[in-house]
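Descriptive structure summary
Residues per chain are reported as follows:
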Amino acid sequence: QYGAPVEASCLMTTGGASMGVDLAMRSFRGSGGVCVFEEPSYYLSFNMARDQGLECRSVPMYQDGMDLDRLEEICMEGNVRMV
């Protein structure tokens, strides 16, 4: 679809969206880390992030995407590990 080759070693299959999100969050886990979500978001995301010791912050969505000003404010506060 994007016209770029992809190596098979760079791909991973999961048992579903929840498993994929959980695996990604485990990669960025840690006490004091911040995970930023779009709001509204996938209903299990906040619980999965908290289970990994991440603080949850949300950013409002507009028709054309995230509120980038709010996202920048949160990122400037520091320790954002995942958006």
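Look up: the structure comes first, before these words.
Each value, and the rule that gives it
- Counting restarts for each chain, with residues numbered from 1 along the sequence as it is written.
- Where totals are concerned, whole chains, interfaces and linings use all residues; where local detail is concerned, this predicted model gives features only for residues with pLDDT of at least 70, and gives and counts side-chain atom pairs only at 80 or more.
- Each side-chain value is worked out from all heavy atoms of the structure, with water and hydrogens disregarded.
- Think of it this way: any DSSP run of H or I at least four residues long counts as a helix, any run of E at least two long counts as a strand, and we number them from the N terminus.
- Type-normalised accessible area, obtained with a 1.4 Å probe on protein chains alone, sets the label of each residue: buried when under 20%, exposed when over 50%, and partly exposed for intermediate values.
- Contact between two residues is taken to exist if any of their heavy atoms lie within 4.5 Å; hydrogens are not considered.
- Note that accessible areas follow from Shrake-Rupley with a 1.4 Å probe, and for residues the cover is restricted to the protein chains shown.
- Only residues whose relative accessible area exceeds 30% and that form no salt bridge are eligible for patches; like-charged ones are grouped when within 9 Å, while nonpolar side chains (Val, Leu, Ile, Met, Phe, Trp, Tyr) are grouped when within 5 Å.
- Salt bridges, as used here, are contacts in which a Lys or Arg side-chain nitrogen is within 4 Å of a carboxyl oxygen on Asp or Glu.

We now examine the overall build of the protein. A tally of helices and strands in the protein yields three helices and four strands. Walking the protein from its N terminus toward its C terminus, one meets helices and strands in the order α-β-α-β-β-α-β. By its C-alpha atoms, the protein is 35 × 30 × 25 Å across when sized along the principal axes. Looking at the protein residue by residue over its 83 residues, the buried ones come to 27%. Taking the contacts inside the protein whose residues are at least 6 apart along the sequence as the reference set, 39% of them involve residues at least 24 apart. Approximately 6,000 Å² of the protein is accessible, and the part contributed by carbon and sulfur atoms is 52%.

Together, Met-12, Met-19 and Leu-23 give the surface a local cluster of nonpolar side chains, amounting to about 300 Å² of exposed area. Inspection of the secondary structure puts Met-19 in helix H1 (residues 17-27). On the accessibility criterion, Met-19 (43% relative accessible area) is partly exposed.

With the rule as written, the count across this model stands at three salt bridges. A salt bridge links Arg-57 to Glu-77; the nearest nitrogen and oxygen atoms lie 2.8 Å apart. One end of the pair, Arg-57, is in strand E2 (residues 55-62); the other, Glu-77, is in helix H3 (residues 68-77), and 20 residues separate them in sequence. Between Glu-73 and Arg-70 there is a salt bridge, and its shortest N-O distance comes to 2.9 Å.

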